[in-house]
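If you want the building blocks of each chain, they are given just below.
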Amino acid sequence: MRIVTWNINSVRARLHQVARFNEEHSPDVICLQETKAQDSDFPLKDIKEMGFDHVEILGQKSYNGVAILSKHKLTDVGSHEWVGKSDCRHLFATLPNGTILHNFYVPAGGDEPNPDVNDKFAHKLDFLDEMAKWFPDLYSNDQPMILMGDLNIAPLENDVWNHKQLLKIVSHTPIEVEKLTAIIDNFGWIDAMRQIISSDEKLYTWWSYRARDWLTSNKGRRLDHMWVTPPLKDKVSDIKVVLDARGWEKPSDHAPVILDLSD
DNA sequence: ATGGTTGGTTACCAA
């Protein structure tokens, strides 16, 4: 089973890249974030022609939006309105083997890492606090479950190109890292990417559009994540960040992340 | 210290 998370930064602008990725990597499921299309504008027909017979979408005009593209039947589909907002940041569904998928787009949080003056940062912190309570309230971690998506936080020193220079940059501030770690610890999630690729190595999934040459400067951050519950721990056979896709023509600023699970 | 780019929507907002 091959499961992918990808912040695509507009599904309509990147439709040909979904097709290319599908041909080159044969995923079973792709969880998309930042689709930036209301449901009536979602290119459902094109996606289905790629072989994704089961598609769940939750979109809004211009901003945010998540989708699950699947070649297997999806059941028990739903979402939660985080911090009381209906801003299309979460979708969940269950695969035929019983594995529950959660697809998240956590708020980016703006530029100023001070919740007193920046409402977007306050919203991000509230969202994270709610996530830390929500999973233990509703689930047990002895069921197979995967949480993936753009969490907009790079928690470890080697998740950013320069730890010290980014301590006051939103996505790597101590308060965000502390809250993300609390979500993991409260429920017992396993960081599948770091189980496969050692925390001693730099690992990024996002590179700014503003860099003159993203690959040469390589000032990346690991903003996208794949977490699994303990029953799936030993079934994670591989993780890959598909760097190629960041270098395709008119790319998203995020690379897709592939999770391979053995049966 | 500052500005750099992109997508969606149409004079900026969010990332």
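Residues numbered from 1 in each chain as written. Chains lettered and ligands numbered in written order. Predicted model: local features only at pLDDT ≥ 70, side-chain atom pairs only at ≥ 80, totals over all residues. Heavy atoms only, no water.

**Concerning the pairing of strand β2 (residues 29-33)**
Remember that side chains alternate between the two faces of the sheet whenever the strand is regular.
No. 1: Of all five residues in β2, five are buried, a share of seventy percent or more.
No. 2: Taking every second residue as pointing to the same face, both faces of β2 are buried, with V29, C31 and Q33 on one and I30 and L32 on the other.
No. 3: Across five bridges, β2 lies against strand β4 (residues 66-70) in antiparallel orientation. Residue V29 lies in a different strand from β4, and its bridge partner there is S70. (Buried < 20%, exposed > 50% of the residue type's maximum accessible area, 1.4 Å probe, protein only. Helix = DSSP H or I, 4+ residues; strand = E, 2+ residues; numbered from the N terminus. Pairing = 2+ DSSP bridges.)

**Observations concerning the layout of surface pockets**
No. 1: Of the pockets and cavities examined, the largest pocket occupies roughly 1,000 Å³.
No. 2: What lines the largest pocket is a set of 38 residues, and nearest its centre among them are A108, D111, N152, W206 and R221.
No. 3: Mapped by element, the contributors of at least two residues to the lining of the largest pocket are α3 (119-138) and α6 (214-217).
No. 4: In terms of residues, the lining of the largest pocket owes the most to one element, α3, which gives four residues.
No. 5: Classifying every residue of the lining of the largest pocket gives 13 nonpolar, twelve polar and 13 charged. (1 Å grid on protein atoms, 1.4 Å probe; cavity = no way out; pocket = protein on both sides within 12 Å on 5 of 7 lines; lining within 4 Å. Points joined across faces, edges and corners; volume = space filled by probe spheres on them. Nonpolar A, V, L, I, M, F, W, Y, C, P; charged D, E, K, R; others polar.)

**Examining the packing of aromatic side chains**
No. 1: Scanning the model with the defined rule gives 15 aromatic pairs in all.
No. 2: Three or more aromatic residues link up through ring pairs in this structure, and these residues are W82, F104, F127, W134, F135, Y139, F187, W189 and W227.
No. 3: Directly above the ring of F52 sits K71, whose terminal nitrogen or CZ lies 5.0 Å from the centroid.
No. 4: Just above the ring of W161 sits the side chain of K219; from NZ or CZ to the centre is 4.6 Å. (Phe/Tyr/Trp six-rings, centres within 6.5 Å; stacked < 30°, edge-to-face > 60°. Lys NZ or Arg CZ within 6 Å of the ring centre and 35° of its normal.)

**Looking at the protein's contact with DNA strand B**
No. 1: In the vicinity of DNA strand B lie 17 residues, with S10, R14, Y209, R210 and K250 positioned nearest.
No. 2: For DNA strand B, the fraction of protein-proximal atoms (within 4 Å) that sit in sugar or phosphate groups is 67%.
No. 3: Within the contact set of DNA strand B, a phosphate oxygen lies 3.2 Å away from a side-chain nitrogen or oxygen of R14.
No. 4: A distance of 3.1 Å separates a sugar or linking oxygen of DNA strand B from a polar atom in the backbone of Y209.
No. 5: Residues belonging to the surface near DNA strand B are distributed by class as follows: five nonpolar, three polar and nine charged. (Near = heavy atom within 4 Å. Polar contact = N/O pair within 3.5 Å; in protein donor to acceptor, adjacent residues only side chain to side chain.)

**A look at the sheet that holds strand β6 (residues 90-94)**
No. 1: In spatial order, the strands read β5-β6-β7-β8-β10-β9; together these six strands make up an open sheet with mixed pairing. For this open sheet the edge positions go to β5 (75-78) and β9 (190-191), each flanked by a neighbour on one side alone.
No. 2: The pairing of strand β7 (residues 100-105) with strand β8 (residues 145-150) spans six bridges and is parallel. Bridged to N103 within β8 is M148.

**Digging into the nonpolar core**
No. 1: By size, the foremost hydrophobic cluster in this structure holds 31 residues, and its most contacted members are I3, I146, M226, V228, I239 and L259.
No. 2: Within the second largest apolar cluster, 23 residues are counted, among which are I100, L128, M145 and W227. (Core = buried A, V, L, I, M, F, W, Y, C linked by side-chain atoms within 4.5 Å.)

**A look at the pairing of β4**
No. 1: Here β4 lies mainly inside the structure; five of its five residues are buried.
No. 2: Burial of the side chains of β4 extends over both faces: V66, I68 and S70 are buried on one face and A67 and L69 on the other.
No. 3: In terms of strand pairing, strand β3 (residues 54-58) meets β4 through five bridges, oriented antiparallel. Paired with E56 across the two strands is I68, which belongs to β4.

Fair warning: the whole summary comes from geometry, so function is off the table for now.
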